[in-house]
Protein chains: 2
Amino acid sequence: MKQTPKKIAIVGSGLVGSLLSIYLRRLGHAVTVFDRRPDIRTIVFSGRSINLAMSNRGWKAMAEIGIEDDIKKIAIPLDKRAMHVVGKPMYFQKYGKDGEAIWSISRGILNRKMIDLAEKAGVTFKFEEKVWDVDLPEAKLYTGETEKGEWEEYKYDLIFGCDGAFSRVRHKMQRRSRFDYSQDFIDVGYKELTIPANADGSHKLDAHSFHIWPRGNFMFIAMPNLDGSFTCTLFMPFEGEISFESIKTKEEAQHFFKVNFPSVDQEIENLAEDFFKNPTSAMVTMKCYPWTYWDKVALVGDSAHAIVPFYGQGMNAGFEDIYILNEIIKKHGDDWESIFQEYQKERKPNADAIAELSYRNFVEMSSKTADPRFLLQKKIEKRFAKKHPDKWIPLYSRVTFSDRPYSEALAIGDQQEKIMQHVMELPNIEDKWDSVEVEERILSLL
Amino acid sequence: MKQTPKKIAIVGSGLVGSLLSIYLRRLGHAVTVFDRRPDIRTIVFSGRSINLAMSNRGWKAMAEIGIEDDIKKIAIPLDKRAMHVVGKPMYFQKYGKDGEAIWSISRGILNRKMIDLAEKAGVTFKFEEKVWDVDLPEAKLYTGETEKGEWEEYKYDLIFGCDGAFSRVRHKMQRRSRFDYSQDFIDVGYKELTIPANADGSHKLDAHSFHIWPRGNFMFIAMPNLDGSFTCTLFMPFEGEISFESIKTKEEAQHFFKVNFPSVDQEIENLAEDFFKNPTSAMVTMKCYPWTYWDKVALVGDSAHAIVPFYGQGMNAGFEDIYILNEIIKKHGDDWESIFQEYQKERKPNADAIAELSYRNFVEMSSKTADPRFLLQKKIEKRFAKKHPDKWIPLYSRVTFSDRPYSEALAIGDQQEKIMQHVMELPNIEDKWDSVEVEERILSLL
């Protein structure tokens, strides 16, 4: 359906805000993006930014506007996990079928690229302009130097809040009656660390793997960068016996890395130094509803649904919001009330599903990946999936290498889990895991 | 232990704020209460305020400071429910044992009384002074005419946030990292209505009963006032076939009351008029954690734990916070960090328990009180409790007529429910509900 050009404001120039601006611009709208921070393209960043894993849903949103190939140039495909388990040599776990991979990409580099593309498409950016208040029924924004100082008023037809987990736009919606909201922090924090490149610019670990050191209630991961370095993340409880709080000196940090991560032995100096230089950050699951206000305001991405990062789906879910929103816009044309209603009804159950899956993966990645029974279960599933690819798509693949709804992935995943629970109860399953009996048992339960 | 007098601010002069001020004043502290609203004692109110049900926990907090008798003078004891079920004559359900009752009391009248008592005790009140910001580490308050205008700064040793479900103090804590928070609205709203006294000042319905008209997914209740009137509440879905939204004209309202509540037939005119005069309000369960900031700031009452009103425990839970806090203060003296830590650890599970119980009662009161099997189960429980009062205290009594922790009531209530599920599965339970077999079955399961 036809679109009448509207005057649209987007709050937030992050990944979701800048991608949405390109989509809306292509539909013929006049788009202005506000951000309280300076233009990320003008900031010298060290490469120490958090790495993201772009997978199917993200790529689909890129492809729709023809920028998939451009973005692939700044990403590295990872087709497997590299498992660094205590007492075992490092081994690989393939993510999916041949050709399936997640792509390691630097948040900063991607964001710069997206803003470039948005500007080229005719989007206006207003950096270092802080939005303090939003008039929801009038779609007005108020910006200014300080909360108590003079404010400038802007009037739009539509406003999109793409301003992240601590969204100012949502904050305003939250004060209305009958707005459901929750923020739940996990007791585990994270800290970014770096493994630099070799002197010749090559990677010190396998460059096409997502490296994981699971250690029970803490975990270390590493993702490659184009420059040969790895961006690493240490996930660990804030408080307790082994925790961020318990490591107080450089010597304690060195000891911690030496004992727990011997395979990065030669990096101890670096890591221990980074440990005290970089902040410890918290992780939150944020849910809310509704996501829209009438035909005026809508939340997209983390402002509507922030999740813990353990499924690598935060950015992908936000980009999928935009892809789906665009499909709905095409259907309803100028009827923005219907567009927003359908958008939130369609996306909310999927956002809840990926929040749940991400939280479960937090438990799985940190504790279960070293549990022999869990690994056996995964081995059985994998064997079955390989033999019957039409009958068993693993949950990870449904989430990562598919564009079917997250809620469907969660529901089918729960069914599969129930079947596997039955299978795991078979006597001597350890000995006959690869038998015809087990295979037929699964077939009978499907 | 001894208390060094502190300079304390309380935000909110409602029931919890004014009671807490009396407790703290008695410990020797200098107490100032801020409220954005005018002094409730200077406002002419119509008697159309929401009625509260004071029960054991509330009375205990009154008795501790010797004001129980004063307050009982402005309350009416209700020892039973009066059930107005479709197709049955009205019947009574006693609440507890002889002498056990909940007390109907007007929020406005109680609040006036409490502020009087607080002033008499030496508390300073600053009405119509709006708190816009709180400096948590410094225990400073900022007040002013408008959010953007000039602010006055006040410095205290301690600040208590008693400013209700939409607390400004909590709002400030909420912006910190690792602060868990949720607000969940139910799809049912409520509206206050009134049944006036007879011409001679007497009550039109039994004055010592809590009147309930359960109607499946909506419900009408009435609580007596001292002046012969009843404060009534209609609970009903916001949207849907039978809903606030669906009643658009006075005729529709009259028809609605006539069809559904024939026993208040002669009040139709009033009720239909009130229906459009009074607002429809929403109900929320609000949870958060932590409740305190260091040794500086603490939340008490609804600001820490707002619940839906279906167990009549909102005020009682807030008053119990104060009673328990006072006990902990006596134990730790000047060590406010330990006081606040113990306070929140002790009260949080109990607040969560009464939130859960209140939500469950919402389901029970509106739908199950007309279900024959549910009523049979209650009848069996009641019979058994009467015969074995040492072995079976009903959940309602544990919550309402006890000062044991809410969390204990919830846990024991769940055990009792499990036992009753087994009992209800006995064949022909309808015919032998009062048999020795059933009694012995319960005894064996206990």
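Chain A goes by Kynurenine 3-monooxygenase in an unreviewed UniProt entry, where it is assigned to Maribacter arenosus. On record in UniProt, under Catalytic activity (unreviewed entry), the comment for chain A is "L-kynurenine + NADPH + O2 + H(+) = 3-hydroxy-L-kynurenine + NADP(+) + H2O". Database annotation for chain A, UniProt heading Sequence similarities (unreviewed entry): "Belongs to the aromatic-ring hydroxylase family. KMO subfamily."

A. Up close: the sheet that holds strand 8 (residues 124-126) of chain A. Residues and elements named next belong to chain A. Taken together, the 6 strands give an open sheet; going across it, the order is 8-2-1-12-20-19, and neighbouring strands pair in mixed fashion. Each edge of the open sheet is held by one strand with a lone partner, namely strand 8 and strand 19 (292-293). Of the strand pairs in this sheet, strand 1 (residues 7-11) and strand 12 (residues 158-161) are connected by 4 bridges, and their pairing is parallel. Looking across to strand 12, one finds that valine 11 is bridged to glycine 161. This element, helix 1 (residues 15-26), spans strand 1, strand 2 (30-34), strand 8 and strand 12 of the sheet and lies at about 165 degrees to strand 1.

B. Here's a closer look at helix 6 (residues 250-260) of chain B. All names here are of chain B. Turning to helix 6, its buried residues number three or more, namely Ala253, Phe256, Phe257 and Asn260. Along the axis of helix 6, the buried positions cluster into a sector of 90 degrees, meaning they face one direction only. Those residues of helix 6 that are exposed and angled more than 90 degrees off the buried face are Glu251, His255, Lys258 and Val259. Buried positions along helix 6 lie against strand 14 (188-195), strand 16 (219-224), strand 17 (230-237) and helix 7 (268-277).

C. Main features of the interface of chain B and chain A. In this assembly, 22 residues from chain B lie in contact with 22 residues from chain A. Overall, the association of chain B and chain A removes approximately 1900 Å² of surface from exposure, summing both partners, and the carbon and sulfur fraction of that is 39%. When the buried surface of chain B facing chain A is broken down by residue, Lys148, Arg178 and Gln183 of chain B rank first, second and third, together holding 36% of it. Scanning the region where chain B abuts chain A turns up 2 salt bridges. Residues arginine 178 of chain B and glutamate 239 of chain A are paired through a salt bridge, measuring 3.2 Å at the closest nitrogen-oxygen approach. The interface formed by chain B and chain A contains 12 residue pairs in polar contact (both at pLDDT 80 or more). Going through the elements one at a time, helix 5 (168-174) and strand 13 (180-185) of chain B are the ones with two or more residues in the side of chain B that touches chain A. With 6 residues, strand 13 of chain B is the largest single contributor of residues to the side of chain B that touches chain A. Both strand 13 (residues 180-185) of chain A and strand 13 of chain B contribute to a ladder of 3 bridges, which runs antiparallel. Directly across from tyrosine 181 of chain A, in strand 13 of chain B, lies its bridge partner glutamine 183 of chain B.

D. Looking closely at the pattern of salt bridges. Per the stated rule, a full pass over the model turns up 67 salt bridges over all chains. Across the salt bridge formed by glutamate 430 of chain B and arginine 373 of chain B, the nearest N and O atoms sit 3.5 Å from each other. Of this pair, glutamate 430 of chain B sits in helix 13 (residues 429-432) while arginine 373 of chain B sits in helix 10 (residues 372-387); the two residues are 57 residues apart in sequence, bridging distant segments of the chain. Here glutamate 430 of chain B falls in the partly exposed class, since its relative accessible area comes to 45%. Taken together, the salt bridges that share partners define one network made up of Asp39, Arg41, Asp116 and Glu119 of chain A.

E. Representation of the sheet that holds strand 21 (residues 305-306) of chain A in the model. The strand order across the open sheet formed by 6 strands is 21(A)-18(A)-13(A)-13(B)-18(B)-21(B), and the pairing between neighbours is antiparallel. Each having just a single partner strand, strand 21 of chain A together with strand 21 (305-306) of chain B make up the two edges of the open sheet. Relative to strand 21 of chain B, strand 18 (residues 284-289) of chain B runs antiparallel, the two sharing 2 bridges. Bridge pairing in strand 21 of chain B places lysine 287 of chain B opposite histidine 305 of chain B.

Thresholds, definitions, all that
- Within each chain, residues carry numbers counting from 1 in the order of the written sequence.
- Note on labels: chains are lettered from A, ligands numbered from 1, in written order.
- At least 70 in pLDDT is required for a residue's local features to be given in this predicted model, at least 80 for side-chain atom pairs to be given and counted, and no such filter applies to totals for whole chains, interfaces and linings, which use all residues.
- Excluded from the side-chain calculation are hydrogens and water; included are all heavy atoms of the structure.
- UniProt positions are given in the numbering used here, feature names are shortened, and annotations may be inferred rather than shown by experiment.
- Following DSSP output, two strands are said to pair if at least two bridges run between them.
- Starting at the N terminus, helices and strands are each numbered in turn, a helix being any DSSP run of H or I of at least four residues and a strand any DSSP run of E of at least two.
- When checking whether two residues touch, look at their non-hydrogen atoms; a contact exists if any pair is within 4.5 Å.
- Fitting a line to C-alpha atoms yields each axis, with helices limited to the stretch in contact; the angle taken between N-to-C directions then spans 0 to 180 degrees.
- Accessible area is worked out with a 1.4 Å probe on protein chains only. A residue is then buried under 20% of its type maximum, exposed over 50%, and partly exposed in between.
- Taken from the helix axis, the directions to the C-beta atoms give the arc we talk about.
- Throughout, buried area stands for the accessible area (probe radius 1.4 Å) lost by two parts on being put together, summed over both.
- The working definition used for a salt bridge is a side-chain nitrogen of Lys or Arg within 4 Å of a carboxyl oxygen of Asp or Glu.
- Any pair of N or O atoms that falls within 3.5 Å is considered a polar contact. Within protein, one atom must be able to donate a hydrogen and the other to accept it, and sequence-neighbouring residues count only if both atoms are side-chain atoms.

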